[in-house]
Amino acid sequence: MRKVLLIQVLLLIQVCGVAQTLGGNTVYNFLRLSNTPQLTALGGINVSNQTADIGLAWHNPALLRPAMHTQANLVFNAFYGDIRNYHLLMGFRHEGWKTNFAAGVNYFNYGSIPETDMVGNRYGDLRPSDYVVQVSASRQYMERWFYGATIKFVHSNYGQYRSTGLALDAGLSYTDTAQLIQASLVIKNMGAQLKAYTGTASGDLPFDLQAGISKRLARAPLQFSLTAHHLHLFDIAYRDTAFNNENGFDQNMGDKKFTFDKLFRHIVLSMQLYITDKVEVSVGYNHLRRRELNVGNTGNGINGFSLGAGALFKRIQIRYARSYYQNNTAYNQFGLSLKLTDYFGAGR
């Protein structure tokens, strides 16, 4: 039975991997963005770090734990151009079913944009937006394993161009408390559009196959994580030939170390320092982000790096993250996590 299940999972990965495309060629790319400060500080992608922060379970349902019962994660992101992102996720444990649940929403408000015709006559304002509503569930298998799944309803509204879709994530998580090792595997964004944007063909969702491992040191207050993404594809480099030619950039720039660069684009590295049991500092590096957002041969500062801090009090967790996307330019993220039972006294 286990062999049959493994074969079915591998076939599913193969089919989805062949069917999906990269980067801007997919729809609903906002699904890739980090929803919570701790994840942002860890480089934007991390599926193995198991903490008391329910926000990390948004991208890996197998990280949902019984201790997250009634926990709420509220996040505010300030992007460029007055773009605002709001996130809410809440957890619930059903003891009778031995199942952990979570439900939440991630909403992007792109502000107000003037709507004009070809000669500049103004007809009003557009208020484009994206959002995803999702429900997750996880269960424990034996002592060290958790598995989970997430179903998502996705909607985009760009004036007359609107689209809706459904997506599914599936995750598997392993924890060895004796060796202080955590590992996970996640299949993300399997699904399709239910309604395509007006006047456009149906597009693929941003499918991804991710795996990660986290190791905490026994004799030092440090934890290291390595996360690999886009495991279903080898070459994920995107090169805009027309743009490079127009601006005089070398088409083969960065290809001198061809194989190493291709491999490292799949990797996100991160580290957490536990100053006390109530204060932690996180740093991360996303090589794909740095390579894709670097401009020509110019200096790009600490683009691709991120950092953050968390203050973990008894009744509330306060987290902040700062992530660099261009030279000397970054965006900030602020979030709170709290257990509603600590404030309203509701039981299971």
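Residues numbered from 1 in each chain as written. Predicted model: local features only at pLDDT ≥ 70, side-chain atom pairs only at ≥ 80, totals over all residues. Heavy atoms only, no water.

The number of helices and strands found in the chain is six helices and 16 strands. In the chain, which comprises 348 residues, the proportion classed as buried is 44%. Partitioning the contacts of the chain with sequence separation of at least 6, the portion at a separation of at least 24 is 55%. Counting only carbon and sulfur atoms, one obtains 63% of the accessible surface of the chain, whose full area is about 18,000 Å². (Helix = DSSP H or I, 4+ residues; strand = E, 2+ residues; numbered from the N terminus. Buried < 20%, exposed > 50% of the residue type's maximum accessible area, 1.4 Å probe, protein only. Contact = heavy atoms within 4.5 Å. Areas by Shrake-Rupley, 256 points an atom, 1.4 Å probe, with all protein chains shown as cover.)

Next up on the list: the pattern of salt bridges. Evaluation of the coordinates by the stated rule reveals 13 salt bridges. In this structure, Glu280 engages Arg319 in a salt bridge whose closest nitrogen and oxygen atoms are separated by 2.5 Å. Note that Glu280 is positioned in strand S13 (residues 279-286) and Arg319 in strand S15 (residues 317-326), a separation of 39 residues in sequence. Through salt bridges with shared partners, one network takes in Asp53, Glu280 and Arg319. (Salt bridge = Lys/Arg side-chain N within 4 Å of Asp/Glu carboxyl O.)

With 23 residues, the main nonpolar core has Tyr28, Phe30, Leu31, Ile54, Leu64, Val132 and Val154 as its most contacted residues. Setting aside residues up to four positions removed in sequence, Leu64 forms contacts with Ile54, Ala57, Asn100, Phe101, Ala102, Ser136, Ala137, Ser138 and Phe146. (Core = buried A, V, L, I, M, F, W, Y, C linked by side-chain atoms within 4.5 Å.)

A separate point is unusual backbone geometry. One non-glycine residue with positive phi stands out, namely Met142, at about 60 degrees. Of note, Met142 is situated in the loop between strand S6 (129-141) and strand S7 (145-158). Overall, the relative accessible area of 61% leaves Met142 in the exposed class. Although it is not a glycine, His230 adopts a positive phi angle of roughly 50 degrees. Counting through the fold element by element, His230 comes out in the loop between strand S11 (222-228) and helix H3 (241-247). A relative accessible area of 6% means that His230 is categorised as buried.

Honestly, it's all geometry; don't read function into it.
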